[in-house]
Amino acid sequence: MRFFNEKANASPASSLDHANDRDYPHTNEYDDDLHVECPPHTTERKLVRKIDIHVIPCLCIMYLLAFLDRVNIANANVYGLAKQLHLTGNQYNVALVIFFVPYVLFEIPSNLLLKRFKPHVWLSLNMFLFGFTTIMEGVVKNYSGLLAVRFFLGVFETGMFPGAFYLIGMWYRRSESQKRFSFFFASTTLSGAFGGLLAAAIGKMDGVAGYAGWRWIFILEGCLTVAFSFVFFFTLPDFPEESKWLTSEEKDYVSARLRADQGRSARERQITAKDVGRVLMDYKVIAAGFMYFGLIVPAYGYAYFAPGIIKTYGYSAIQTQLHSVPPWVAAFGFAMLTATLSDITQKRAPFAIGCICVAIAGFAILITVHNNGPLEYAALFLVAMGAYSAMPIIVCWFGQNLGGHHRRSVGTAWQIGFGNIGGIIAVWAFLAKDAPKYVTGYSICLAFTVISIIACIVYGVGCWAANRRRDRTPVDIGLTEYEKTEMGDMNPEYRYLL
């Protein structure tokens, strides 16, 4: 059998990426002299497939339902939510924005709690709570009640996205990750498509049991989430070291292959306030936050307002819901295509920037064309395809470039938490007074996509410069394995994906 020494190469572009049945080191806490073989009863390819089956579907369904419960208010509004609750002026926008207050503030604390509790406990608990909150959204009687449920929806959903991304990052090597991240993130596009179809069907229940059709959207979709939360308590994956569906040999092997690619995880060590401070002092981490921040504005602008925009093209309520589906489906296909090409080429920056340019093209059309419904509708395809394909690449690129539990936990939560401040901007970009042209909203979205491109360039140049500097520095500078673990991706042996 052939062996791989993790000290010899910490780069994703290693011989590790070109073998499916190879042995990797597994040591007692910080000893690199021992090696572990791939268990004789399996191969790396089969083991990764086993991980795929247990990890990805659960997280995809979980986030599909989370995003559905978050944005179904847009579908409900098409059926008269604002009118029946007597919302005036910008009160609908306020109901949207209040969701983001706790959603932004509690991202990092939620990831710290995810590490303290087991993921299947923390994520399924929050899933039950935001599903129940969605049900309550269907029985609100006034504006105050709507604000209350939207606030608590933000509280309980705050950990879903960064928690799932963090968890996926602790299972897969960087060379394997982009397709899986994008498939997970594409659950948002499937959620949009699924939500439109559901809303078209549920809207026909108007008047059943004395409830308006928009109320049934919240009630039924919330009940679906609650039901799945009980299932996911038993099926959601934990970290590799804690999984019950891997043998001890398989756990050793999975941990070793990740250490060879990303360095040791420091799973056993608690995250401290100093850890948080050290991570946030890295300018690349700040740039990564702006990469995501710049895309959140157009992404949420589309998610919350696309049904209303499509309705201005002259469609009925049900036709509007059905016409909201195709752009989401196209976004899913485009996201998976770019993710596959990104994994094949092992490049992130070109695909992230390219996808953002697709979204920019869509907004350019929407800003300049106002009397051609088919062309404006086609531009929505470009917006959805560009924004929702670039976002998973950006988050995966940054998340997988972070080494170790503490840097990845804090870094991913920072990127998602700071980035979601853009959601607050997005809900104020499209005001009723600007309909049907929404030039202001489209212009704001266009400006923020440019911010995202600039941040991508800053982050990419920073990673390239760090790799070049480390290539010129002697690899063996006397660091202990403990010190390398503490440094994470700041370890001089570590190399960033570009």
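Owing to the predicted nature of the structure, the values given are computational and were not obtained by experimental measurement.

Along the chain, alanine 435 connects to proline 436 via a cis peptide bond; the corresponding omega equals 0°. Examined against the element boundaries, proline 436 turns out to sit in the loop between helix H20 (421–429) and helix H21 (439–471). Positive phi values are uncommon outside glycine, yet histidine 86 reaches one of about 60°. With respect to the element layout, histidine 86 can be found in the loop between helix H2 (81–84) and helix H3 (91–97). Histidine 86 sits in the exposed class, given a relative accessible area of 63%. Of note in the backbone geometry, glutamine 346 takes a positive phi value of approximately 60° without being a glycine. With respect to the helices, strands and loops of the structure, glutamine 346 is situated in the loop between helix H16 (325–345) and helix H17 (349–368).

Leu59, Phe161, Tyr304 and Tyr388 are the most contacted members of the largest nonpolar core, which has 145 residues in total. With 19 residues, helix H1 (residues 44–78) is the largest single contributor of residues to this core. Once residues lying within four places of it in the same chain are set aside, the contact partners of tyrosine 388 are Phe67, Phe185, Thr188, Thr189, Ala299, Tyr300, Tyr302, Ala303, Trp328, Ala331 and Ala335.

Per the counting criterion, the structure on display carries 14 salt bridges. The shortest N-O distance in the salt bridge between lysine 433 and aspartate 434 comes to 3.4 Å. Taking the relative accessible area as the measure of exposure, lysine 433 reaches 67% and is therefore exposed. Within this structure, Glu44, Arg173, Glu176 and Arg257 form a network of salt bridges that share partners.

A few words on the packing of H16 against helix H18 (residues 373–401). For any two helices packed against each other, one specifies the inter-axial angle together with the distance between the axes. In contact at an axis separation of 8 Å, H16 and H18 are set at 40° when each is read in the N-to-C sense. When the interaxial angle is binned, H16 and H18 end up oblique. Judged by the sense of rotation from one axis to the other, the crossing of H16 with H18 is right-handed. Contacts from Pro326, Pro327, Trp328, Ala330, Ala331, Phe334, Ala335 and Thr338 in H16 reach Tyr377, Leu380, Phe381, Ala384, Met385, Tyr388, Ser389 and Ile393 in H18. Class assignment for the residues of the contact of H16 with H18 results in 14 nonpolar, two polar and no charged.

Moving on, we get to the confidence of the model for the protein chain. Looking at the protein chain as a whole, its pLDDT mean stands at 85, while 88% of the residues score no less than 70. Here residues 1–34 scores under 50 on pLDDT; set against residues more than four positions off or in separate chains, the count is 100 contacts.

A surface patch of nonpolar side chains, amounting to about 420 Å² of accessible area, comprises Phe128, Phe132, Met136, Val139 and Phe230. If one sorts the elements of the nonpolar patch by residue count, helix H6 (residues 119–137) sits on top with three residues. Structurally, phenylalanine 132 can be placed in helix H6. Look at phenylalanine 132 and you get partly exposed, because its relative accessible area is 42%.

With that settled, consider the packing of aromatic side chains. According to the stated counting rule, one finds 41 aromatic pairs in the structure shown. Here phenylalanine 161 and phenylalanine 184 contribute two aromatic rings whose centre-to-centre distance is 6.2 Å and whose plane-to-plane angle is 20°, an arrangement assigned as stacked. Note that phenylalanine 161 is positioned in helix H8 (residues 160–169) and phenylalanine 184 in helix H9 (residues 174–185), a separation of 23 residues in sequence. With respect to class, phenylalanine 161 is no different from phenylalanine 184; both count as buried. Aromatic side chains tryptophan 171 and tryptophan 245 sit 5.1 Å apart centroid to centroid with 15° between the ring planes, which places their arrangement in the stacked category.

Reading guide: rules and limits
- Residues numbered from 1 in each chain as written.
- Predicted model: local features only at pLDDT ≥ 70, side-chain atom pairs only at ≥ 80, totals over all residues.
- Heavy atoms only, no water.
- Helix = DSSP H or I, 4+ residues; strand = E, 2+ residues; numbered from the N terminus.
- Buried < 20%, exposed > 50% of the residue type's maximum accessible area, 1.4 Å probe, protein only.
- Core = buried A, V, L, I, M, F, W, Y, C linked by side-chain atoms within 4.5 Å.
- Contact = heavy atoms within 4.5 Å.
- Salt bridge = Lys/Arg side-chain N within 4 Å of Asp/Glu carboxyl O.
- Axes fitted to C-alpha atoms, helices over the stretch in contact; angles between N-to-C directions.
- Parallel < 35°, antiparallel > 145°, perpendicular 65-115°, else oblique.
- Left-handed = near helix turned anticlockwise from the far one by under 90°.
- Nonpolar A, V, L, I, M, F, W, Y, C, P; charged D, E, K, R; others polar.
- pLDDT = per-residue confidence, 0-100.
- Patch = residues over 30% accessible without salt bridge, like charges linked within 9 Å, V, L, I, M, F, W, Y side chains within 5 Å.
- Areas by Shrake-Rupley, 256 points an atom, 1.4 Å probe, with all protein chains shown as cover.
- Phe/Tyr/Trp six-rings, centres within 6.5 Å; stacked < 30°, edge-to-face > 60°.

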